[in-house]
Structures are given as structure tokens and as C-alpha cells.
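# Fold and contact review
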Amino acid sequence: MAPPGRVGRKSTTREPIIQEPVSSQSVSRPAPRPAPEPEATRRDADVTESARANRGWWDRNADEYQIEHGTFLGDDRFVWCPEGLDEVEAELLGPAEELKDRDVLEIGAGAAQCARWLAAQGARPVALDLSHRQLQHALRIGVTFPLVCADAAALPFADASFDLACSAYGALPFVADPVLVLREVRRVLRPGGRFVFSVTHPVRWAFPDEPGPEGLSVASSYFDRTPYVEQDEDGRAVYVEHHRTLGDRVRDIVSADFRLVDLVEPEWPAWNSSEWGGWSPLRGGLIPGTAIFVCERD
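The structure presented is a predicted model; accordingly, all values stated were derived computationally and were not measured.

What follows deals with the pattern of salt bridges. Enumeration over the complete set of coordinates arrives at 19 salt bridges. The salt bridge partner of Arg 133 is Asp 63, with a shortest N-O separation of 3.0 Å. In this pair, Arg 133 sits in helix H4 (residues 132-141) while Asp 63 sits in helix H1 (residues 47-73), placing the two residues 70 residues apart along the sequence. Look at Arg 133 and you get buried, because its relative accessible area is 10%. Taking relative accessible area as the criterion, Asp 63 reaches 23% and is therefore assigned partly exposed. One network of salt bridges, with partners in common, ties together Asp 101, Asp 103, Arg 124, Asp 163 and Arg 190.

Shown next, in the form of C-alpha cells:
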């Protein structure tokens, strides 16, 4: 199937993106030939290949992503999903007034919109992303907190560094071994710490990634965990997305020694008329599009 969201594509500002410097010595050159479209397939992709492919994909597509989805996300909102569930109302990390002076790690931060909202509540966020280009967008908007370019499966922080961690469609859909990430998050959380993450709802894997009626018929097995891969003409992966069933996600959480506190499946709200990849009012009114897991470290 098409990537269950290419979940990544979450942005929408129409302002100019970071401008690359133009050398005064530059001369006219013929326009480069467009690269061949990658081939979409289903095949295995291990931890290393997935990380390499997705780092490259996000670096190449960060500008488009922020152009396409930036307005929806805002500069300093905490939006969990294309349904538009906002942390202001959801309070999945806890009441806003209790976030003050809390150390919070955002994983797969992109342009750090969520971390910026957390900072406005008085928290001390750190925004982490695999993509350097995404973090350049965070700098473009402006930050008062640390930005870290690193792999979520090898967090560069000491044990028990954070009170809370969060990830809105970051990292987890794209890693071959989510338990590695979950264990790393647990390691850097203090006892009693909470980790909340959102991903494409697993049931969507069985449906075509289309916002219209064609996206309402089952097209593949929900139980087929073979990754979705886009590869270049030499067979190198340039984008990878991994499927886990709902049961897999729960078992991954338990394997990482977290306690699952809640599983939130946001309904599509009447006010949201936007389409985002395969997310739309039509599909959102019939089948879930997002799963949000609320986990705690005992």
C-alpha cells in the first residue's frame, strides 16, 4: 500500500523556506534531469537500512512537508494527529499547569512545534529529530531550547534525564525495531515518567492510502507485517515504513517495561475539513486513522 500517511507530511506554511546561499561565482547550468520515481514495493528492511533511508527522505522532503502542513500544525501548537487532536484539550501529558519546570523530550520533533508549545507552558523541552533539515526549520521558526539531531534508537542522554517524553508521528512508524526505541525512552525517563506517542492506526495498513471512497475497501492483509519500501533504480531503499498490529504495539510497550495507561483513538471532528494524505473527513468518520499510546514507567 502507499505509505500509511507518509505520515511525515505534516506542514503548511507558504513563506519561503530556508534559502541556500548563492555563490557570486555561479554560472548558468543546464537544468538537471529529474531523478526517476522510486519504485514502491513490500520487502524486508532492517534497522540500519530503515534509518539511512528515512534520514535521507526527511532531509530531502522537509521543505515540502513544512510547506504543505505548516499552517495546520502552527508554529507553537501541540497537535497529535491529522484529526487535529490538540494537547490543550487532550492533556495526555497532564494538565498544562503541571508542565511547568518539567524536563520533556520530544522525539521526531520536525520543526519543534510541540516543543515550542511545551516551552510556552514553562516546561524545559529538548527537541530531537533524525533529520538535520527538519531541525533547520525549527531554527527558522525560532527556538529557546536545545535541538538534537540523533537516532531515537540511541538517545544521547543520561539515564533518568526527563520527566516526560512525547512523539507525534515521530520515529515509531519508521523504525524496524520499535522496542529499541521504547527501551531507550524508558532509560532516559525518571521513575513515574510518562511517554505518549501517536502513530497511524494499525487498521489503516489494510486499506489503500487514499482519502476518497477508494480508500474504504480492504486491499491487503492487516496481518502482513512486511515493510512498505520505496527504492531507487539500484534497489536501495529511499523510504521505509513499518507496520505493527495493535497487539504488536501493546506487546512492544510491555516488552520495554512500560505500563500502558490508555489507548486513544481520536474521532474525526466536525470542524476539520482538511485532507492530509490518506486522512480525510470521509475516512475519518468511518475508520480510525490514529492510535495514541499513553505509557508510564513505574
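Negative charge collects at one region of the surface, where Glu 89, Glu 91, Glu 97 and Glu 98 lie side by side. A relative accessible area of 59% places Glu 89 in the exposed class.

The next thing to look at is the nonpolar core. If you look at the biggest cluster of nonpolar residues, it comprises 32 residues, and the most contacted ones within it are Phe 78, Trp 80, Leu 93 and Leu 118. Listed by contribution, the elements that provide at least two residues to this core are H1, helix H3 (113-120), strand S5 (162-168) and strand S10 (290-296). Ranked by residues supplied to this core, first place goes to H1 with 5 residues. Aside from chain neighbours lying at most four places away, what touches Leu 93 is Phe 78, Trp 80, Glu 87, Leu 99, Leu 118, Leu 164, Ala 165, Cys 166, Arg 194 and Val 196. Of all hydrophobic cores here, the second largest spans 28 residues; its members include Phe 157, Phe 162, Phe 197 and Phe 293.

Most of S10 sits inside the fold, with 7 of its 7 residues counted as buried. By the alternation rule, side chains of S10 split into Thr 290, Ile 292, Val 294 and Glu 296 and Ala 291, Phe 293 and Cys 295, which are all buried. Here 7 bridges tie strand S6 (residues 189-200) to S10, and the two strands are oriented antiparallel to one another. Across the sheet, the residue bridging to Phe 195 is Cys 295, located in S10. Relative to S10, strand S9 (residues 259-264) runs antiparallel, the two sharing 5 bridges. Each bridged residue has a counterpart across the sheet, and for Leu 260 the counterpart in S10 is Cys 295.

Now for a nonpolar patch on the surface. A cluster of nonpolar side chains, namely Val 250, Val 254 and Leu 260, defines an oily patch on the protein surface of about 210 Å² accessible area. Residue position: Leu 260 is located in strand S9. Take Leu 260: its relative accessible area is 31%, and that puts it in the partly exposed class.

Summarising the model, the protein chain shows a mean pLDDT of 91, and 88% of its residues fall at 70 or more. Note that residues 1-27 has pLDDT below 50 and, in this model, 87 contacts with residues that lie over four places away or in other chains.

Here we take up the sheet that holds strand S7 (residues 228-231). Strand order in the open sheet formed by 3 strands is S1-S7-S8, and the pairing between neighbours is antiparallel. One side of each edge strand has no neighbouring strand; the edge strands of this open sheet are strand S1 (39-42) and strand S8 (237-241). Averaged over all adjacent pairs, the angle separating strand axes in this sheet is 20°, with direction ignored. The pairing of S7 with S8 spans 4 bridges and is antiparallel. Looking at the pairing, Glu 230 lines up with Tyr 239 of S8. Running over the sheet, H1 touches S7 and S8 and is turned about 105° from S8.

One way to put it is that H1 packs onto H4 with a least axis distance of 7 Å and a crossing angle of 35°. Mapping the contact onto sequence places Trp 58, Asp 59, Ala 62, Asp 63, Tyr 65 and Gln 66 in H1 and His 132, Arg 133, Gln 134, His 137 and Arg 140 in H4.

A separate point is the environment of Phe 207. You can see Phe 207 is positioned in the loop between S6 and S7. Taking the C-alpha atoms as reference points, Phe 207 and Tyr 222, 15 residues apart in sequence, are found 8.6 Å from one another.

What follows covers unusual backbone geometry. Even without being a glycine, Asp 101 presents a positive backbone phi close to 70°. Mapped onto the elements of the fold, Asp 101 is located in the loop between helix H2 (87-90) and strand S2 (103-107). You will see that Tyr 169, though not glycine, has its phi angle at about 60°, which is positive. The residue Tyr 169 is located in the loop between S5 and helix H5 (178-188) in this model.

According to the stated counting rule, one finds 0 disulfides in the structure shown. Left unpaired, Cys 114 is separated from the closest cysteine sulfur, that of Cys 166, by 6.1 Å.

Rules used in this analysis
- In every chain, residue numbers begin from 1 and rise along the written sequence.
- Whole-chain, interface and lining totals are the exception, using all residues; otherwise, since this is a predicted model, local features are given only for residues with pLDDT of at least 70 and side-chain atom pairs are given and counted only at 80 or more.
- No hydrogens and no water enter the side-chain calculation; it runs on all heavy atoms of the structure.
- Throughout this description, the term salt bridge denotes a Lys or Arg side-chain nitrogen within 4 Å of a carboxyl oxygen of Asp or Glu.
- Counting from the N terminus, the helices are DSSP H or I runs at least four residues long and the strands are E runs at least two residues long.
- Residue exposure (1.4 Å probe, protein chains only): buried if accessible area is under 20% of the type maximum, exposed if over 50%, otherwise partly exposed.
- To count toward a patch, a residue needs a relative accessible area above 30% and no salt bridge. Like charges then connect within 9 Å, nonpolar side chains (Val, Leu, Ile, Met, Phe, Trp, Tyr) within 5 Å.
- Each accessible area value is a Shrake-Rupley result obtained with a 1.4 Å probe; residue values ignore everything except the protein chains displayed when judging cover.
- For this count, His and the chain ends are skipped, Lys and Arg are scored as positive, and Asp and Glu as negative.
- Taken as the charge location is NZ of Lys, CZ of Arg, CG of Asp or CD of Glu.
- Residue types Ala, Val, Leu, Ile, Met, Phe, Trp, Tyr and Cys, when buried and joined through side-chain atoms within 4.5 Å, form a set referred to as a nonpolar core.
- Only heavy atoms enter the contact rule, under which two residues are in contact if any of them lie within 4.5 Å.
- When DSSP finds two or more bridges between two strands, those strands count as paired.
- A residue's pLDDT is the confidence the predictor assigns to it, expressed on a 0 to 100 scale.
- Here, axes are lines fitted to C-alpha atoms. For helices the fit covers the stretch in contact, and angles between N-to-C directions go from 0 to 180 degrees.
- By convention in this document, the label disulfide applies to cysteine sulfur atom pairs within 2.5 Å.

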